[in-house]
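Chain by chain, the residues run as shown.
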Amino acid sequence: MPINVLFFASLRERLGKAQASIDTDVPLTAHEVWQRSSGGAALPVNVLVSVNQAYANLETLVQAGDEVAFLPPVTGG
């Protein structure tokens, strides 16, 4: 099973895609998932990470079948 990657809001616009899929046989950190799924784009400052719909950090290990979401910081007004 692949890792399903979701990009939200300005990240989706910046990368030109809403999702990606990564095939792997070994666990990856969320940061490695970003690198592989973003085409090498620099990771913006303060990006929030979610693994299986729970907040995580960039060092969280992700396995095949997991869902990883990258969200820009939320602002309100």
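This section reports on the structure supplied with the text. (Residues numbered from 1 in each chain as written. Predicted model: local features only at pLDDT ≥ 70, side-chain atom pairs only at ≥ 80, totals over all residues. Heavy atoms only, no water.)

A word on the pairing of strand 2 (residues 19-22)
Thinking step 1. Only one face of strand 2 is covered, namely the face carrying Ala20 and Ile22; the face carrying Gln19 and Ser21 is uncovered.
Thinking step 2. Bridge analysis of strand 1 (residues 3-7) against strand 2 gives four bridges, and the strand direction is antiparallel. For Asn4, the partnering residue across the bridge sits in strand 2 and is Ser21. (Buried < 20%, exposed > 50% of the residue type's maximum accessible area, 1.4 Å probe, protein only. Helix = DSSP H or I, 4+ residues; strand = E, 2+ residues; numbered from the N terminus. Pairing = 2+ DSSP bridges.)

Structural notes on the nonpolar core
Inside soluble globular proteins, nonpolar side chains tend to come together where they are buried.
Thinking step 1. Ranked by size, the top nonpolar core spans 17 residues in total, and within it Ile3, Val5, Phe7, Val33, Val62, Val68 and Phe70 carry the most contacts.
Thinking step 2. Those elements that place two or more of their residues in this core are strand 1, helix 1 (9-15), strand 2, helix 2 (30-37), strand 4 (48-51) and strand 7 (67-71).
Thinking step 3. Apart from residues lying up to four places away in sequence, Val68 is in contact with Ile3, Asn4, Val5, Leu6, Val33, Val49, Ser50, Val51 and Val62. (Core = buried A, V, L, I, M, F, W, Y, C linked by side-chain atoms within 4.5 Å. Contact = heavy atoms within 4.5 Å.)

Some thoughts on helix 2
Thinking step 1. Within the span of helix 2, buried status applies to Ala30, Val33, Trp34 and Ser37. Burial along helix 2 is one-sided: seen end-on, the buried residues are contained in an arc of 100 degrees. (Arc of directions from axis to C-beta.)

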